Amino acid sequence: MIPLVKPYIADRCKMMPAIEQILYSGYIAEGEAVYKFEKEFGDYIGNPNVLVLSSGTAALHIALLLLDVGKGDEIISTAMTAEPTNTTIAITGAKVVWADVDEKTGLLDPESVRRKITPRTKAIMLVHYAGMVCDMDEFNKISKEYNIPIIEDTAHALGSKYDGKIIGSNSRFTCYSFQAIKQMTTVDGGAIAFRDEADVAAARKLRWFGLDKKVSRLENDITRAGYKYGMNNVTATIGSVQLQDTPDIIARYVSNGKYFDEKLAGASGVTLVPYYNNTEPSYWLYTMKVEKRDDFIKMMESKGILASTLHHRSDTHSVFNESKCELPGLDKFYSEFIHIPSGWWVTDEDREMIVDAIRQGW
Ligand SMILES: *Cc1c(COP(=O)(O)O)cnc(C)c1O
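Bear in mind the structure is a predicted one, so any value in this text is a computation, not a measurement.

Colleague: Sorry, what's going on with the overall build of the protein chain here?
Modeller: Looking only at helices and strands, the protein chain features 11 helices and 13 strands. Its C-alpha radius of gyration of 21 Å places the protein chain within 12% of the 21 Å reference for a compact globule of 362 residues. Each principal axis of the C-alpha distribution contributes one length, and for the protein chain these read about 70 × 55 × 35 Å. Of all intrachain contacts in the protein chain linking residues separated by at least 6 positions in sequence, the fraction that spans at least 24 positions is 72%. Of the roughly 15600 Å² that the protein chain leaves accessible, carbon and sulfur atoms contribute 51%. Once the 41 positive and 49 negative side-chain charges of the protein chain are each reduced to a mean point, those two points are 2 Å apart.

Here is the structure:
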C-alpha cells in the first residue's frame, strides 16, 4: 500500500555517526548543536529570527503567550486542521472563534474572517492546510486594516511559498512542526519564526522557565514563568542532518503535486483545488475533491493506494462546544475532499499508476 504519510530519515551513513558523536559528547541538553541547527533552519526559511523548540505545539503556545492571550480574548481560527492548532488556543483560556473556509480549498475564507472580528479578537490563526497556502494577499490586508496579528500554523507547509519566498517572515509569528510525519522530522520538535527581532528575547525566556541562558543562574530574575519548550542537542543534531536533504525532499513533494495538478485536470469525477494568488503549495498531502468518495477510497485501496481524509474537523470536539456555529463552506468541503499520497516515497511509476487508476474511474 502506498501510504499517505511516511517519515523521511536521512541516510544511515550520515545520520548514525552524527547521533553517536553527540550522544557520547557529554553535552546532550540544549547547547551548541541546538544553536547550529537554529541558524541553519533560519537560513533555510530566510529569517534569522527563529527559535527551535520541543514541538510545533510549543511554537503555537509561545506565539499566544507573547500576545498575552487569555480568558476573555478571542482567536479566530479554522476547524479544518489537526487538533493542536485549536487545543493550544483552548489551554490559554481564550475562546476559539471559528471562521468558515473557502469551500473550494478548505482554507480560511478572508471574508468570513472579517465578519468574525470583534474588539476581543487578539489574533488570527491561519493554517496552511495540507501544504496549501492561505490567501495571504487578503489576510495581510485584514491584519493591517484591523491591526490584528496573524499566527501562521505552518506545520503542514514547510517549504510552501508566498510571494516567491519560503513561508517564515510574512506574519508576526510562523510556527513549524518537526513531528514524525511532517515534511521534515527531528523525531519530535518545532520552531517559531518572528517577523520582528524584538519578539525573540521574550520568547527565548519562555522557552526555558523564564530564565535568561546568557546570564548566570544567580543573576537571573524570573519576571514571567516560562515553560520547558527547548530542543536538546540530540534532536537538533538529527535536525541538522535532516535539513541537508530537506530542499530535495520538498522538491519531490512539489514535483508529485504539480504532476497531479497537470495530469488530473479534467478527470471525470475529480475537482482540483485552486491555489491563491502569489502562493505555491509544498503538497504535504495532495488534496482534491471527488464524487462518491467512499467508492473512490475503496477503488484506490484495491490498487494499493491509500486515499484518506486523514483529519477530523475540530469543531465537533466537546471542548469547543461554546464555539459552535454554522460553517456551510466547511460542510461542503468536508463532504468532498480527499488526500492522495504525494510525498518523497511516491516514485515516477507510482504517480503514473495513481493517475491511471483515477482516470479509469470508480
Ligand atoms: C502537527 C501539527 C501541529 C503540532 O505539531 P507538534 O510538533 O506535533 O506539536 C500543529 N498544527 C498542525 C496543523 C499540525 O499538523
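Next comes the rest of the description.
Colleague: Help me understand the site of the ligand in this model?
Modeller: Neighbouring the ligand are 15 residues; Gly56, Thr57, Asp153, Ser177 and Lys182 lie closest to it. Between a nitrogen atom of the ligand and a side-chain N or O atom of Thr85, the distance comes to 3.5 Å. At a separation of 2.7 Å, a nitrogen atom of the ligand approaches a polar side-chain atom of Asp153. Those elements that provide at least two residues to the shell around the ligand are α3 (56–66) and α4 (84–91). Per element, the largest residue contribution to the shell around the ligand is three residues, and it comes from α3.

Colleague: Explain the nonpolar core to me, please; I cannot follow it from the model alone.
Modeller: General note: in soluble globular proteins, nonpolar side chains tend to be found buried as a group. Within the largest apolar cluster, 115 residues are counted, with the highest numbers of intra-cluster contacts made by Phe41, Ile151, Ile192, Met288, Phe296 and Ile340. Taken domain by domain, the makeup of this core includes at least three residues from each of domain 1 (12–242) and domain 2 (245–360). Other than its neighbours up to four places away in sequence, Ile151 contacts Leu60, Ala63, Leu64, Leu67, Ala123, Ile124, Met125, Leu126, Phe173 and Cys175.

Colleague: Sorry, what's going on with the sheet that holds strand β8 (residues 173–177) here?
Modeller: Strands pair in a sheet through their backbones, by hydrogen bonds, and they do so in one of two ways: parallel or antiparallel. Reading across from one edge, β1-β9-β8-β5-β4-β2-β3 is the order of the seven strands in this open sheet, with mixed pairing throughout. For this open sheet the edge positions go to β1 (50–53) and β3 (95–98), each flanked by a neighbour on one side alone. Strand after strand, the sheet turns through a mean of 20 degrees between neighbouring axes, direction not considered. Across the sheet, helix α2 (residues 32–45) lies against β1, β8 and β9 (190–194), angled at about 125 degrees from β1, the strand it touches most.

Colleague: For this particular structure, what's the right way to read a nonpolar patch on the surface?
Modeller: A cluster of nonpolar residues, Leu23, Tyr24 and Ile28, forms a patch on the protein surface that exposes about 350 Å² of accessible area. One can find Ile28 in the loop between α1 (12–23) and α2.

Reading the values: the criteria
Residues numbered from 1 in each chain as written. Predicted model: local features only at pLDDT ≥ 70, side-chain atom pairs only at ≥ 80, totals over all residues. Heavy atoms only, no water. Helix = DSSP H or I, 4+ residues; strand = E, 2+ residues; numbered from the N terminus. Rg over C-alpha atoms; globule rule 2.2 N^0.38 Å. Contact = heavy atoms within 4.5 Å. Areas by Shrake-Rupley, 256 points an atom, 1.4 Å probe, with all protein chains shown as cover. Lys, Arg positive; Asp, Glu negative; His and termini not counted. Charge placed at Lys NZ, Arg CZ, Asp CG, Glu CD. Near = heavy atom within 4 Å. Polar contact = N/O pair within 3.5 Å; in protein donor to acceptor, adjacent residues only side chain to side chain. Core = buried A, V, L, I, M, F, W, Y, C linked by side-chain atoms within 4.5 Å. Buried < 20%, exposed > 50% of the residue type's maximum accessible area, 1.4 Å probe, protein only. Domains from an automatic or database assignment. Pairing = 2+ DSSP bridges. Axes fitted to C-alpha atoms, helices over the stretch in contact; angles between N-to-C directions. Patch = residues over 30% accessible without salt bridge, like charges linked within 9 Å, V, L, I, M, F, W, Y side chains within 5 Å. Salt bridge = Lys/Arg side-chain N within 4 Å of Asp/Glu carboxyl O.

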